[in-house]
Every structure is written in structure tokens, then in C-alpha cells.
Amino acid sequence: MKPQNRQATWRWTVAAICIASLAQVWPGAVWSPARAADSVARDTRLGGDARSTRFVTVLSKKVKFAIRTLADPYRVVIDLSDVKLNLPAGRGKKGKGLVSGYRYGRVEPYGVRIILDVNAPVRVEKASIWPARDGKPPRLVVELTRTDRKSFIARQRKNAKTRIAAARKEGRKTARASPSLPSPGRRKSRRAKRVIVIDPGHGGIDPGALSKSGLKEKNVVFSFSTMLRDHLIKTGRYEVLLTRTSDSYIPLRQRVDIGRRKGADLFISVHADSIPGRQAGDVAGATVYTLSEDASDEEAMALAAKENRSDIIAGVELPAEANDITNILIDLAQRETKNLSVGFADLLLSSLSGKTKVRKKGRKSAGFRVLKAPDVPSVLIELGYMSNPADVKRLRSSAWRKKVAGAVADAVGAYFAKRTARNPN
Ligand SMILES: [Zn+2]
């Protein structure tokens, strides 16, 4: 499938999911693609009490939106298309009535997401755009009422069924249009430059791990990733792309899709870990992870669960495998991809160990969602621990970042040299 088609397919799926959730509340509503002239969200307001609460977003002009609820914890997710956020500082910290607070940020590619944290199961009683009137700008008005868990879950199930059915329908279309997966081992050897996708972890609504001093994982890994990109580009041998180029939230699934769409030869996800409690001072150093359904140990499993939570934090709830191409094809491609990923992880570790602290058991595996491309060799590197003062010092140092980016780039070079030697044409 052509790259543009894949992108279109993804967009369509997102749109379908949004429309499916919209249809529960407002039949006939349609999600439109992004337009150039964005509306600006200037303010938000909360009103009401613990039985019924109103959330208002003041806009510069009308927009399309979608809304849905999530459980455990209870949240209301509002997606707005074609909007820029320009809210007064500190908005969302204070709650009222059913809403205990709210978060917001960009979610690529379709706009802005506002997540209301609610302190009880709620029902979206009404949600509509009020047009400009009497000198007042247009507003999105959402009315929430308290409900019980049973009816909340029942409504959720009904909505999820509709969304999954829509995504499955789209998945079948994708399978028909894409009869085979390219083999990661054989394709592109004739392409002039290898394609590397670097994935700076978290972003926007989800800051990732935090150090005691307030350093955010999303910023550390972004700065490291751009350094690594520059390093790789300088060699003249690679085309390098980042999954995010700003502080915005990108769902894990979309990060995987970027790698696949670009026909990446290698996908490197960059993170920084953190562990709570008394151990925090003792555990330091880098770890490299590959994908496995059976985690190599409990720590790896817990970490994967934590990294996978990113989508929950940002209110993403895509059905896990609905848009995948048939499983048999994936299985075939996956075995080769897995071997390549492990091979790269080992090269990466030996390159890193000369340059920085690496954990004793440096390579581990677990079910990281972001490593799930069946045809792109993928690894996830945890640069160090935000919970360890010595690691934080290293992570903050631009000289360290540069040295470690160099080590990663060396490993990339070694990986492709090995592959070219084995597979000369
Ligand atoms: Zn992370």
C-alpha cells in the first residue's frame, strides 16, 4: 500500500472511531479533516454541583468535536478538530462538582484533546456548540450528570462495540488492499539511504517519568532524540525521521504506524525510566528492550505496563489489533523482525557499555506496544533512571547526551554493515 494510503487509512479509522462515539450522542454528526484556519480555545469554565456539572470551552469560532467516557479511572475525553489552545495558565488544576480537574494538549494529527477527570461515573447529558450571540463568542457546552457504575459500564460497552465493529470493517479493507508484507530482511537493500525512525517517548498531555527536581522524561528524551537524529544525518547514510517533532502527544499505535508507513529499516524508541521507593537511589544505567509476549522478568513486565499506560493517560482507547493485517502474514514477518531487533539490541548494548553506565542485565524483553510493528526491527532504550540522582545528572548533561547519541549511531552503523555483508545486493 502506498504511504499516503496508509496515512489516509489511519485517519479514516480515527475518524470512524470518533464518528462512532459521536453517533451515540448526536446521530448524523460528521468529523471533518483539518482545515488551515484554526479556531482558538481561549478559556474554559466549570459550573454546577456534585449531581450535575457543566464544562464550557470558549472558542473563537465553531469546531467539530467528539466526546466519550472512559472508566477506571472515570474520565470524559473531548476531542476538538481544527483548534489551537490558548488557555490562561493553570486552567484545569481546580475542579468543581463532578470534575476534579482536567488536562489538555495536542493529539496529532487531528487536533486537541481535553480530558476531564471525574470523581464519579457520569453521563454526557448534552454536548453542543452554542453559536456566537449578543457579542459572546461560540462555546462548546458539555453537561454531565452523575450516574451509577452499572449504567456507565453498560453504555461504555455499547459504544465500544460500535467502535470495534467500525475498526474491524476498516481492518478487513486494509487486509484486502495489502496482500503481502514486505520482508524486513530483503526489502530496500537497493534504496540509497536506510530509513531510521526515532521515537521520543511520551509528550504533550503525558510527561512520562519525572525527576525529583522536576525534569520531565518527555523533554530529556526529545532533546536526546534530536541529537541522535543530527548525528545519524551527518553520516550521509540515513534518512531519519522523528515520530514527534514537538511537545505533542502521539498515540503509541500511531508511532508504530509511522515506522511502517515510512518503510523504516529500524525503529528506536527513546525513554527514561523511574522506580519508586527505597531502591530508587541504587538502580541506575541504561537498558535496551525488545518485544516479547513473555516478559524477561517482573521489572520488565511492570515497565512495559507503565509505558503502555501512556495511551490511557492521554485518553486513547483504540481497539488493540483491529486494524492489523491478517495474523498469519504478521507471524511470518515477525520472526525475522524479532531476530533483527535482538541483533540490533546486542550491538547497541556493547556500543553503549563503553560510553555510559549500562545495567547488569542490559537486554530485556516485554510486551511494549510501541515495538509491535511486525515488519520493522524495533528496540526501546531506557537511557537511565529519572529516580536516580547520578543518572539525572548524566541525563541533564549535553556532553553525555552527545556521547551516548554517538554510541547509538555507531551501533546503527555496525548493524547495517553486518546486514550488507550478509546480503550484499
Ligand atoms: Zn517512558
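Now for a description of the structure that goes with this document. (Residues numbered from 1 in each chain as written. Predicted model: local features only at pLDDT ≥ 70, side-chain atom pairs only at ≥ 80, totals over all residues.)

A short note on unusual backbone geometry
Link 1 in the chain: Unusually for a residue other than glycine, Asp82 sits at a positive phi of about 60 degrees.
Link 2 in the chain: The class for Asp82 is buried, based on 20 C-beta atoms found within 10 Å.
Link 3 in the chain: At His202, a position not held by glycine, the phi torsion is positive, near 55 degrees.
Link 4 in the chain: Relative to the helices and strands, His202 is located in the loop between strand S10 (194-200) and helix H3 (217-234). (Buried ≥ 20, exposed ≤ 12 C-beta atoms within 10 Å, placed from the backbone. Helix = DSSP H or I, 4+ residues; strand = E, 2+ residues; numbered from the N terminus.)

Things to note about the nonpolar core
Link 1 in the chain: With 58 residues, the main nonpolar core has Ile196, Leu348, Val379, Ile381, Leu383 and Val408 as its most contacted residues.
Link 2 in the chain: It is helix H9 (residues 398-422) that contributes the most residues to this core, eight residues altogether.
Link 3 in the chain: Apart from residues lying up to four places away in sequence, Leu383 is in contact with Val221, Phe224, Val270, Ala272, Ala286, Leu395 and Val404.
Link 4 in the chain: In this structure, Phe65, Leu80, Val112 and Ala314 belong to the second largest nonpolar core, which totals 30 residues. (Core = buried A, V, L, I, M, F, W, Y, C linked by C-beta atoms within 7 Å. Contact = placed C-beta atoms within 7 Å.)

Details of the packing of H3 against H9
Link 1 in the chain: One can describe the packing of H3 onto H9 by two numbers: an axis separation of 9 Å at closest approach and a directional angle of 50 degrees. Classified by the angle their axes make, H3 and H9 are oblique. Relative to H9, H3 is oriented so that their crossing is right-handed. Judged by residue contacts, Ser223, Phe224, Met227, Leu228, His231 and Leu232 of H3 engage Arg401, Lys402, Ala405, Gly406, Val408, Ala409 and Val412 from H9.
Link 2 in the chain: For the contact of H3 with H9, the class distribution of residues is eight nonpolar, three polar and two charged. (Axes fitted to C-alpha atoms, helices over the stretch in contact; angles between N-to-C directions. Parallel < 35°, antiparallel > 145°, perpendicular 65-115°, else oblique. Left-handed = near helix turned anticlockwise from the far one by under 90°. Nonpolar A, V, L, I, M, F, W, Y, C, P; charged D, E, K, R; others polar.)

What about the environment of Gly105?
Link 1 in the chain: Mapped onto the fold, Gly105 is located in strand S6 (residues 99-107).
Link 2 in the chain: For Gly105 and Lys84, which are 21 residues apart along the polypeptide, the C-alpha to C-alpha distance reads 9.4 Å.
Link 3 in the chain: Look past the residues within four positions of Gly105 in its chain and what remains in contact with it is Arg113, Gly204, Ile205, Ser248 and Tyr249.

Observations regarding H3
Think of an α-helix as turning once every 3.6 residues; residues three or four places apart then point the same way.
Link 1 in the chain: In a regular helix each residue adds 1.5 Å, so 18 residues correspond to 26 Å; H3 covers 26 Å between its end C-alpha atoms and thus fits that length.
Link 2 in the chain: Residues Glu217, Lys218, Val220, Val221, Phe222, Phe224, Ser225, Leu228, Arg229 and Leu232 constitute the buried set of H3.
Link 3 in the chain: Looking one or two places after H3, you find Gly236, whose phi comes out positive at around 80 degrees. (Expected span 1.5 Å × (residues − 1).)

Observations regarding the sheet that holds strand S14 (residues 358-366)
Link 1 in the chain: The six strands lie next to each other as S11-S10-S12-S15-S13-S14, forming an open sheet whose pairing is mixed. The open sheet has two free edges, formed respectively by strand S11 (238-242) and S14, since each of these has just one partner strand. Within this sheet the neighbouring strands show an average axis-to-axis angle of 20 degrees, counted without direction.
Link 2 in the chain: Looking at chain direction, strand S13 (residues 286-291) and strand S15 (residues 378-385) are connected through three bridges and run antiparallel. (Pairing = 2+ DSSP bridges.)

Focus on the sheet that holds strand S5 (residues 83-85)
Link 1 in the chain: The five strands lie next to each other as S5-S1-S2-S9-S8, forming an open sheet whose pairing is mixed. Whereas interior strands pair on both sides, the edge strands pair on one side only; in this sheet they are S5 and strand S8 (122-130). Each strand of the sheet is rotated relative to its neighbour by a mean of 30 degrees, with strand direction disregarded.
Link 2 in the chain: Where strand S1 (residues 39-48) meets S5, three bridges bridge the pair, whose relative direction is parallel. Bridge pairing links Ala41 to Leu85 in S5.

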